[in-house]
Structure formats: C-alpha cells, structure tokens
Protein chains: 2
Amino acid sequence: MYTKHKVNDSTQTGLEATLETYPATLPEADLLARIRELNEDPSVHGILVQLPLPKHMDSHKVIETIAPAKDVDGFHVASAGALMVGQPGFWPCTPYGCLKMLDAIGYELNGKHAVVIGRSNIVGKPMAMMLLGRDATVTICHSRTADLKALTQADVVVAAVGKRDVLTADMVKPGAVVIDVGMNRNDEGKLCGDVDFAGVREVAGWITPVPGGVGPMTRAMLLVNTIEAAERSAG
Amino acid sequence: MYTKHKVNDSTQTGLEATLETYPATLPEADLLARIRELNEDPSVHGILVQLPLPKHMDSHKVIETIAPAKDVDGFHVASAGALMVGQPGFWPCTPYGCLKMLDAIGYELNGKHAVVIGRSNIVGKPMAMMLLGRDATVTICHSRTADLKALTQADVVVAAVGKRDVLTADMVKPGAVVIDVGMNRNDEGKLCGDVDFAGVREVAGWITPVPGGVGPMTRAMLLVNTIEAAERSAG
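Sequence order as written defines the numbering, with residues in each chain counted from 1. Lettering for chains starts from A, numbering for ligands starts from 1, and both go in the order in which the items are written. At least 70 in pLDDT is required for a residue's local features to be given in this predicted model, at least 80 for side-chain atom pairs to be given and counted, and no such filter applies to totals for whole chains, interfaces and linings, which use all residues. Excluded from the side-chain calculations are hydrogens and water; all other atoms, namely the structure's heavy atoms, are used.

S.K.: Teacher, can you tell me more about helix H1 (residues 28–40) of chain B here?
M.R.: All names here are of chain B. We count a stretch as a helix when DSSP gives it H or I for four or more residues in a row; a strand needs E for two or more, and each element gets its number in order from the N terminus. To estimate the expected span of a helix, count its residues, drop one, and scale the result by 1.5 Å. For H1, spanning 13 residues, the distance from its first C-alpha to its last is 19 Å, which sits close to the expected 18 Å at 1.5 Å a residue. Within the span of H1, buried status applies to Glu28, Leu31, Leu32, Arg34, Ile35, Leu38 and Asn39. Down the axis, H1 shows its buried residues gathered within 160 degrees of arc, on one side only. For H1, the exposed residues lying more than 90 degrees away from the buried face are Ala29 and Glu40. Contact between two residues is taken to exist if any of their heavy atoms lie within 4.5 Å; hydrogens are not considered. In this structure, the buried residues of H1 make contact with strand E1 (3–7), strand E2 (17–21) and helix H2 (59–65). Note on classification: 1.4 Å probe, protein chains only; a residue is buried when its accessible area is under 20% of the maximum for its type, exposed when over 50%, partly exposed between these limits. Note that the arc is computed from the directions linking the helix axis to the C-beta atoms.

Put into structure tokens, the structure is as follows:
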C-alpha cells in the first residue's frame, strides 16, 4: 500500500524517522485509517502529513485526525487553540523558529511593536500570537491592507506572504529586526524571500537571508517539537 | 447537591434555560461529573459555567470538560482554535456582539485598520481574529504597549481593558468607530466603560455607550450561539 523509507539521521539528534509515501490515488479513508494506527502506536511520537494533499482529500479532516499529542507540525485546531489561549501545545515550526531567532540575539520583545505581513494559519496568525505572548504590540497586515508602508515602520517585521519585494528599504525603520519567511524565485530563477534583501539590509539592524534563514529554523523546531512530544509521552 | 431554578424566558426566544447553583465548596470532581452528564444529555444544547470559579477549581480544566458542541460561551480551546484557523465553531459572545454591531451599521471592514486594546482570551484575542477574518488590518495593543496614542489613530478602535479613560478624544481619529467593551465604575460609583465617552463622542463617527452598548449584545450572541448549537444538533 505504501513505500516505507528509513530516513537517515543526518541531524544526529538520535531521532528515528520513517517516510511513508503513497500513490496520489490513495483513498482518503485509507490515509485516515493509517493516521489512526500511528496515533495508537506508542513507539511513534510525532506524525506529519506533507501538504498539499491530492484534490480528492480534505486536508483539514486529515490534519484533525492526527492526535493533538503527536501533532508536531502544530497544525491541528487544538494546537492553534492552545497557542491562542496560552495553554501548552505544539507551536507551528516556522513562526516558532522565528521566535527562537529573536531569542538567539537576545531581543527583548516586551513593549516593542511587531508587524506580521501575512495571515496564514501556518505562519502569520501563530506568529502574531507568539509575539503577543512575549508582550509585543502586534499588527497583522495582509493583501487587503490599505497602506502597508505606513504600518511597517516597526521594531520587528516578519514578512510571510510568498511574494517578492513585499518589503523594501523605504518601508523599514532603521535598526529594525527583519525576518523573511518568504520562499520565492527571482527572474533569474534563484531562491529569494519576500524582502528586498539587498536594500533592506542597509537599513535593518538584523535581517535573515533566504535561503539559509528561517528555513533551517523550521526544520530545527520540528525536531524540538518531536523531542517534546516524546518527553511528554514518557511523562 | 444543587439548586435548580427555572429561568423565565424574558427574551421570548423560546429557549428553555435552567440555572444550577452550587455551594462554593463543591469538589471540582463533582462539577466535572455534572458537566459530563450535561454533555451526554441530548435535551441540553448549551452549557455555560459562570466564571470566576472558587480557588480550589482549575477553570481551564472545567471549561475544557464542556463538549465543544455545547460550548456556547466559545471559551473552549477547540472553539478558540476553530476561530483562529477559520473553521466552524462557537465564537465568544462579547467580540461576536461587537462584530454584529459593525454589521448593523453596514460598516465595511475590508482594508480598514482596526485596533484592539486588550488581549484577553475572552475579548481581545478573539476580537482580533474576527476583524482579521473580515479583512481588516489589525493591531493588538495592551498594558505593555509603548505608545498607545500613536497606534489608536485607526478606523476602528475596540477598547477591552477594564480600566477607565483608556481611550480619550486626542487618541481617536475623526469619524472612527469606537466600541467600548469596558465595564467599570467612576468616582461617583456609576457604571462607565474604558472610553472617555463624553470626550470621544465629539470626535468619533460611531461610539457605543456603557451601559447599554456591548453588554446587551453579549447576551444576544449567547442566544444566537445556543440556537446555532440546537440547529447543529438537529443536523
């Protein structure tokens, strides 16, 4: 029914990972049944379903089938709710990684104004909630925002839109921390983020590159969540 | 074990309500058992636990025991998560009532800048998510916000702090919509909101009074949620 690959532990964390690949024609019911099996398997601490799913599947239903205790991606409604109300749960890896970078430079968010551009369930909204939890004042901008440039003059800007040059040097306050979650390609086909890196780096105090910035942090936080899941399961 | 009161249907909605009162010494386990009973009772469509609870009880645990399908207060983690990710669920009544007031004046939120002062789980955070869901750009301010006055010059301001005079006329953009969720007492012991009503009404385009503004809307939305719960239960 599926192909099982043993994944090499290139991260040297001691985690065991198994990749299961299925034909795109797999019936949804079979996927749900497999998730339920993994939910019940005490040797499995984290379950990820790689999105996007084929069109005949309801992604929401599939994600909601993952046991919240194994939702190391942090995409389950229960994970979102826990983040929002400040209860323990798994945080989505990308915004969690952004927060860790702020911690790594010893940045004190308390009382700062942070602007998040983008309002996806995977990055924008959870990022806003995490920044709020650290006592930042938070603004959430998006495609309908009337005057983006007037709002991005903040202490921290997180760009998570998926569109090139969303943030340019004139939109950034000198010394600001700029985190670029975007992953796009420029005219030459090279990877680039949402931020005009060359321009903004001249103004910002801190800025993350693309590639090599948020991406590796996302993967690192997935490991953190998985270890956390194993620890919770061990009591 | 408890006193059961039949509540008069003063709202003339046809809803039947029962108030159960318990001694403050009630063991938490007994309250949880009673909630579970009500969860299983098909004749009950909504369950509210009046907060705050006595100190020996874990409010979070109590609220989480309510079946999400009967959480007409919208306080359950599953309800918060559903609101955050845009899935169907029950919305907390107070911010939901604020949104209904904006609808009642035909206010188009798309592209507008809305500022929420306060970040409680019951009002501030869900209010922000609802406004975002209507395509407003949203800023969440709170006690740690450095320069509140610079941020409140927005199209919509929702004050939900629980402190008098949080919002004064000089902080409001002419013509703005101001919604006052606060419920405080002034020096004369009279009910007042978070907004300096006398001053702000001269600047704002729309403003809600306290009392008689958000309060009745909260109660109305509780009825809406309960009817919705009954309809969902009936399929």
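S.K.: Help me out: how do you make sense of the sheet that holds strand E3 (residues 113–117) of chain B in this one?
M.R.: Pairing between the strands of a sheet is mediated by backbone hydrogen bonds and can be parallel or antiparallel. Spatial strand order, E9(A)-E6(A)-E5(A)-E3(A)-E4(A)-E4(B)-E3(B)-E5(B)-E6(B)-E9(B): 10 strands in an open sheet with mixed pairing. Looking at strand neighbours, the two that pair on one side only are strand E9 (206–207) of chain A together with strand E9 (206–207) of chain B, the edges of this open sheet. For two strands to pair, DSSP has to find at least two bridges joining them. Across 4 bridges, E3 of chain B lies against strand E5 (residues 156–159) of chain B in parallel orientation. Its bridge partner being in E5 of chain B, Val116 of chain B is matched across the sheet by Val158 of chain B.

S.K.: Honestly, the packing of aromatic side chains in this entry has me stumped. Any pointers?
M.R.: In this description, an aromatic ring pair is defined by two values, namely the gap between the centres and the angle between the planes. Here a pair means two rings of Phe, Tyr or Trp (six-membered ring of Trp) with centres within 6.5 Å. Their orientation is stacked below 30 degrees between planes, edge-to-face above 60, and tilted elsewhere. According to the stated counting rule, one finds 2 aromatic pairs over all chains in the structure shown. Pairing Trp91 of chain A with Tyr96 of chain A gives two aromatic rings, centres 5.3 Å apart and planes at 65 degrees, and the pair type is edge-to-face. What makes Tyr96 of chain A buried here is its relative accessible area of 17%. Over the ring of Tyr107 of chain A we find Lys112 of chain A, and its NZ or CZ is 5.1 Å from the ring centre. We call a charge positioned above a ring when the Lys NZ or Arg CZ atom is no farther than 6 Å from the ring centre and deviates by at most 35 degrees from the ring normal. Cation over ring: Arg232 of chain B sits above Phe90 of chain B, and NZ or CZ is 4.3 Å from the ring centre.

S.K.: Can you help me understand the pairing of strand E6 (residues 177–180) of chain B in this one?
M.R.: For a regular strand, side chains alternate in direction, first toward one face of the sheet and then toward the other. Residues and elements named next belong to chain B. Side chains Val177 and Ile179 of E6 all project onto a buried face; the interleaved residues Val178 and Asp180 project onto the opposite face, where all are buried too. Two strands pair when backbone bridges link them, and E6 and E9 are joined in this way by 2 bridges, in the parallel orientation. In the strand pairing of E9, Val177 is matched with Trp206.

S.K.: Please clarify how the layout of surface pockets should be interpreted in this entry.
M.R.: To find leftover empty space, one rolls a probe the size of a water molecule over the atoms. All names here are of chain A. Here a cavity denotes a set of grid points, spaced 1 Å apart and computed over the protein atoms alone, in which a 1.4 Å probe fits but from which it cannot get out, and a pocket denotes an open set meeting protein on both sides within 12 Å along at least five of seven lines; residues with an atom within 4 Å of a point are reported as lining. Grid points are joined across faces, edges and corners, and a volume is the space filled by probe spheres set on the points. Taken as a whole, the second largest pocket holds about 1,500 Å³ of empty space. For the second largest pocket, the lining is made up of 42 residues, of which Ala17, Thr18, Leu19, Glu20 and Leu48 are closest to its centre. Elements supplying a minimum of two residues to the lining of the second largest pocket: strand E1 (3–7), strand E2 (17–21), helix H1 (28–40) and helix H8 (214–233). At 6 residues, the largest contribution of residues to the lining of the second largest pocket is made by H8.

S.K.: Please explain the packing of helix H5 (residues 124–133) of chain A against helix H5 (residues 124–133) of chain B as it appears in this structure.
M.R.: Helix packing for two helices is described by the angle between their axes and how far apart those axes are. At a minimum axis separation of 12 Å, H5 of chain A and H5 of chain B run at an interaxial angle of 150 degrees. The angle between the axes of H5 of chain A and H5 of chain B places the two elements in the roughly antiparallel class. The two elements H5 of chain A and H5 of chain B cross, and the hand of that crossing is right-handed. Facing H5 of chain A, whose interface residues are Lys125, Met129 and Leu132 of chain A, H5 of chain B presents Lys125, Met129 and Leu132 of chain B. Think of it as three bins: nonpolar holds Ala, Val, Leu, Ile, Met, Phe, Trp, Tyr, Cys and Pro, charged holds Asp, Glu, Lys and Arg, and polar takes everything else, Gly as well. Residues belonging to the contact of H5 of chain A with H5 of chain B are distributed by class as follows: 4 nonpolar, no polar and 2 charged. For helices, the fitted line uses only the C-alpha atoms of the stretch in contact; every axis is such a line through C-alpha atoms, and the angle between N-to-C directions lies from 0 to 180 degrees. An angle below 35 degrees is treated as roughly parallel, one above 145 as roughly antiparallel, one from 65 to 115 as roughly perpendicular, and anything else as oblique. Handedness of a crossing is defined here by the sense of rotation of the near helix relative to the far one, left-handed for an anticlockwise turn of less than a right angle and right-handed for a clockwise turn.

S.K.: Looking at this structure, I do not really get the side chain of His142 of chain B. What am I missing?
M.R.: Mapped onto the elements, His142 of chain B comes out in the loop between strand E4 (137–141) and helix H6 (148–151). On the accessibility criterion, His142 of chain B (8% relative accessible area) is buried. Discounting chain neighbours no more than four positions away, the residues touching His142 of chain B are Leu132, Asp135, Ala136 and Thr137 of chain A together with Gly118 and Arg119 of chain B.

S.K.: When you look at the relation of the copies chain B and chain A in this model, what are you seeing that I'm missing?
M.R.: Each copy of the chain is related to the other by a rotation around an axis and a translation along that axis. The transform that puts chain B on chain A rotates by 180 degrees and translates by 0.0 Å along the axis, for an RMSD of 0.0 Å. Such a turn and shift between the copies fits a two-fold axis. Comparing interface residues between copies, 100% of those in chain B also lie at the interface in chain A; the contact surface is shared. Superposition of the copies was done by least squares, using only C-alpha atoms of residues whose pLDDT is at least 70 in both.

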